[in-house]
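Coordinates in review
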Amino acid sequence: GLANYYTYESFPVSEDVNIYAAHNSGNITLLLNDYNDNCYLSLSHIYNANRKHKNNFYGNGYSINYNEYITTLFYDEVLLLTKGDGREVTYYSQNEDNTLYLAGDGSGDIIRRILDEDLNVDRYELVSSNGTLNEYNNGVERNYGTETFKLVDILSISLSFSAVNL
């Protein structure tokens, strides 16, 4: 995946397609810009060579930039954020209540765990160092003591996709 604290070699293929090679790892990321309204919505398909064995709706290694989710680990002491580009960022609890987490990648990003009045998890809020706020609370999945919270579109824009077999 792409992170602003790494350096990359960029290979533009067209106006809407770029290939990036990470200097630190050699990982290849292909970014296909599908739509941008130059205001709020930007939709991209992303291929990440590190995820080439992961098959999903979009094909092996592919995802979209809105396909982000948080997984809880180690009894809520650690969170794993999987970004739409396939990059994974680990967050570590900063307090005894496990309601504040700091990114382990040095970015300064934080995640807040928001509880309801019954002390159940209501949602997670990711506050990026640049001030961007993302909310995760949709589609909770529970497996073997972990929970997964998916990104909720802040603008409440509903996106739908369909696959066509040729």
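Residues numbered from 1 in each chain as written. Predicted model: local features only at pLDDT ≥ 70, side-chain atom pairs only at ≥ 80, totals over all residues. Heavy atoms only, no water.

Turning our attention to the overall build of the protein. For the protein, the helix and strand inventory stands at zero helices and 13 strands. Scanning the protein from its N terminus toward the C terminus, one meets helices and strands in the order β-β-β-β-β-β-β-β-β-β-β-β-β. For the protein, restricting intrachain contacts to residue pairs at least 6 apart in sequence, the fraction spanning at least 24 positions comes to 22%. (Helix = DSSP H or I, 4+ residues; strand = E, 2+ residues; numbered from the N terminus. Contact = heavy atoms within 4.5 Å.)

Checked against the element boundaries, serine 42 lands in strand 4 (residues 42–48). Those residues in contact with serine 42 that lie beyond four places of it in its chain are Tyr35, Asn36, Asn65 and Tyr66.

By the definition in use, this model includes six salt bridges. Among the salt bridges present, the one from lysine 83 reaches glutamate 68, with a minimum N-O distance of 3.7 Å. Of this pair, lysine 83 sits in the loop between strand 7 (78–82) and strand 8 (88–93) while glutamate 68 is found in the loop between strand 5 (62–64) and strand 6 (69–73), placing the two residues 15 residues apart along the sequence. On the basis of relative accessible area, lysine 83 is assigned to the buried category, the value being 17%. The partner of arginine 112 in a salt bridge is glutamate 125, and the shortest N-O contact between them spans 2.8 Å. (Salt bridge = Lys/Arg side-chain N within 4 Å of Asp/Glu carboxyl O. Buried < 20%, exposed > 50% of the residue type's maximum accessible area, 1.4 Å probe, protein only.)

Right, let's get into the sheet that holds strand 4. Taking strand neighbours across the sheet as the criterion, the five strands line up as 1-2-3-4-5 in an open arrangement whose pairing is antiparallel. For this open sheet the edge positions go to strand 1 (8–14) and strand 5, each flanked by a neighbour on one side alone. Between one strand and the next, the sheet's axes are offset by a mean angle of 20°, whatever the strand orientation. Examined bridge by bridge, strand 3 (residues 28–36) and strand 4 share seven bridges and lie antiparallel to one another. (Pairing = 2+ DSSP bridges. Axes fitted to C-alpha atoms, helices over the stretch in contact; angles between N-to-C directions.)

Further remarks concern the packing of aromatic side chains. Applying the stated rule across the entire model yields two aromatic pairs. With centroids separated by 6.3 Å and ring planes inclined at 75°, the aromatic side chains of tyrosine 8 and tyrosine 20 adopt a geometry described as edge-to-face. Of the two residues, tyrosine 8 is situated in strand 1 and tyrosine 20 in strand 2 (residues 17–22); the sequence distance between them amounts to 12 residues. Overall, tyrosine 20 belongs to the buried group, its relative accessible area being 17%. Their ring planes at 55° and their centres at 5.1 Å tell us that tyrosine 47 and tyrosine 62 sit as a pair that is tilted. With tyrosine 47 in strand 4 and tyrosine 62 in strand 5, this residue pair connects regions lying 15 residues apart in the sequence. Residue tyrosine 62 is classed as partly exposed on the basis of its relative accessible area, which comes to 26%. (Phe/Tyr/Trp six-rings, centres within 6.5 Å; stacked < 30°, edge-to-face > 60°.)

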